[in-house]
Amino acid sequence: PTMTLPRSSINALRSNLDRALSAKDPAAIATAVDVPLRNTNVVGGPSGGNSSSTSGSVHREQLKVDGVDWSNVLNYLLDVHLAIASNDLASTYEAQSSLHSALNHNLSSTKGNWLIPGIHTVCRNTHRTAALADEYVNRNAGTRNDHKRLQSAVTLLQASYSKTLNDRVELRPNEPLSEEGSKKVGVLYIVNQLFSMYFQLNTLRLCKNLLKPVESRSIHESGTIGEMVTYRYYVGRLNMFEDQYELAEQNFDYALKHCHKSSVANKKRILNYLIPVKLLRGRLPTNKLLEKYSLYEFVPLLNGMRTGNLMEFSDGLMKNQDLFIRRGTYLLLEKCKMICYRNLFKRIW
């Protein structure tokens, strides 16, 4: 017989989901479909052979709420918990992707937007389990670029994106989630997850497909502050790769200004890109700012540019070359040499 979760675990997960769906409680649904990834040391382990994509779920529970069948969602959720308990990353991703697919299906047949927090939770976990499983496979096989799971996860998130974007109900910002609300309220969070995946996969051209629909409907101006900050951060990075430095600076400035003051790591992430853009535009940050966020890799570049010391600038660029290449800012910083020359000539004349 195929292994399933213990009956007590099945009953607990089932009654949580049942209660949340019956009450149409958005936050409770999000909690019910969440899985304990962050505190688990899912190490990989053998692929247990019962990968859900080939044989359907190993669980056979039934769940109907208000005439809608939620059995698939429940069974695949149980599969994810089972795979995590078995420390099996490949099966965790397979089960998670089946759960995502089942929830996408039910999203189409529900009225209103009370399922959106649940969809967001599932999108985040699909992205995360895909990345973890790919990392595990690459580490074991000694490869670097096998992104098979992340690529298949993109398809699931794209489906969630179209289902939310194409909802006919008009978006009214800041309304509570309800049976009448627009599913478009879910778009921006999913777009940000997709941006993150496209950057990981280096398929930046696909970002363009998201920009037009979002901006033509002004969806990027009606999310939560966190969603709008993340959106501007990714669009800024996109502008940067297209050499649109003025736009990039505006987007990064917005992101930095509105980023929560206690999110030091996020501010640092924004500054990793904002500083190179500002340097190229001849705006040099203060040493105090670099110190506050421990951005010491920029210190020699800044000193070199201020004083026209080409040697200090070039050494600093060389020393942190790998870091800058990984971030995708190396070529941009190399262009700043011109400003170094300019300041050098100013000193000489």
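Residues numbered from 1 in each chain as written. Predicted model: local features only at pLDDT ≥ 70, side-chain atom pairs only at ≥ 80, totals over all residues. Heavy atoms only, no water.

Caption draft 1: The arrangement of the overall build of the protein chain in detail. From N to C terminus, the protein chain includes 18 helices and two strands. Taking the contacts inside the protein chain whose residues are at least 6 apart along the sequence as the reference set, 65% of them involve residues at least 24 apart. Positive and negative side-chain charges of the protein chain, numbering 44 and 31 respectively, have mean locations separated by a distance of 5 Å. (Helix = DSSP H or I, 4+ residues; strand = E, 2+ residues; numbered from the N terminus. Contact = heavy atoms within 4.5 Å. Lys, Arg positive; Asp, Glu negative; His and termini not counted. Charge placed at Lys NZ, Arg CZ, Asp CG, Glu CD.)

Caption draft 2: Quick look at helix α5 (residues 89-108). With 20 residues, α5 should cover 28 Å at 1.5 Å per step; its first-to-last C-alpha distance of 29 Å lies within 8% of that length. Of the residues flanking the start of α5, the one acting as N-cap is Asp-88, its side-chain oxygen 3.3 Å from the backbone nitrogen of Ala-90. (Expected span 1.5 Å × (residues − 1). Polar contact = N/O pair within 3.5 Å; in protein donor to acceptor, adjacent residues only side chain to side chain.)

Caption draft 3: Fine view of the nonpolar core. If you look at the biggest cluster of nonpolar residues, it comprises 96 residues, and the most contacted ones within it are Trp-70, Tyr-161, Leu-194, Phe-195 and Phe-252. The dominant element in this core, judged by the number of residues it contributes, is helix α8 (residues 187-201), at 10 residues. Here Tyr-161 is in contact with Val-187, Ile-190, Val-191, Leu-194, Asn-209, Leu-210, Pro-213 and Val-214, once residues within four sequence places are set aside. (Core = buried A, V, L, I, M, F, W, Y, C linked by side-chain atoms within 4.5 Å. Buried < 20%, exposed > 50% of the residue type's maximum accessible area, 1.4 Å probe, protein only.)

Caption draft 4: The pattern of salt bridges, seen in detail. Tallied over the full model, the rule gives 13 salt bridges. Ionic pairing is found between Asp-134 and Arg-149, a salt bridge with its closest N-O pair at 3.2 Å. Of this pair, Asp-134 sits in helix α6 (residues 116-141) while Arg-149 sits in helix α7 (residues 148-165), placing them 15 residues apart in sequence. Its relative accessible area of 3% is what places Asp-134 among the buried residues. A salt bridge links Arg-283 to Glu-249; the nearest nitrogen and oxygen atoms lie 2.7 Å apart. With a gap of 34 residues between them, Arg-283 in the loop between α12 (264-280) and α13 (287-292) and Glu-249 in helix α11 (residues 245-258) connect regions that are remote in the sequence. Given the relative accessible area of 6%, Glu-249 is considered buried. Each of Glu-249, Asp-253, Lys-278, Arg-281 and Arg-283 takes part in one network of salt bridges that share partners. (Salt bridge = Lys/Arg side-chain N within 4 Å of Asp/Glu carboxyl O.)

Caption draft 5: Broad picture of the confidence of the model for the protein chain. Residues of the protein chain with pLDDT of at least 70 account for 94%, and the chain-wide mean is 91. Ranking the elements of the protein chain by mean pLDDT puts helix α3 (residues 52-55) last with 42 and helix α2 (residues 26-32) first with 97. (pLDDT = per-residue confidence, 0-100.)

Caption draft 6: Local environment of a nonpolar patch on the surface. Among the surface-exposed residues, Met-338, Tyr-341, Phe-345, Ile-348 and Trp-349 lie close enough to one another that they form a single nonpolar patch of about 660 Å² accessible area. Its location among the elements puts Trp-349 in the segment after α18 (337-348). What makes Trp-349 exposed here is its relative accessible area of 82%. (Patch = residues over 30% accessible without salt bridge, like charges linked within 9 Å, V, L, I, M, F, W, Y side chains within 5 Å. Areas by Shrake-Rupley, 256 points an atom, 1.4 Å probe, with all protein chains shown as cover.)

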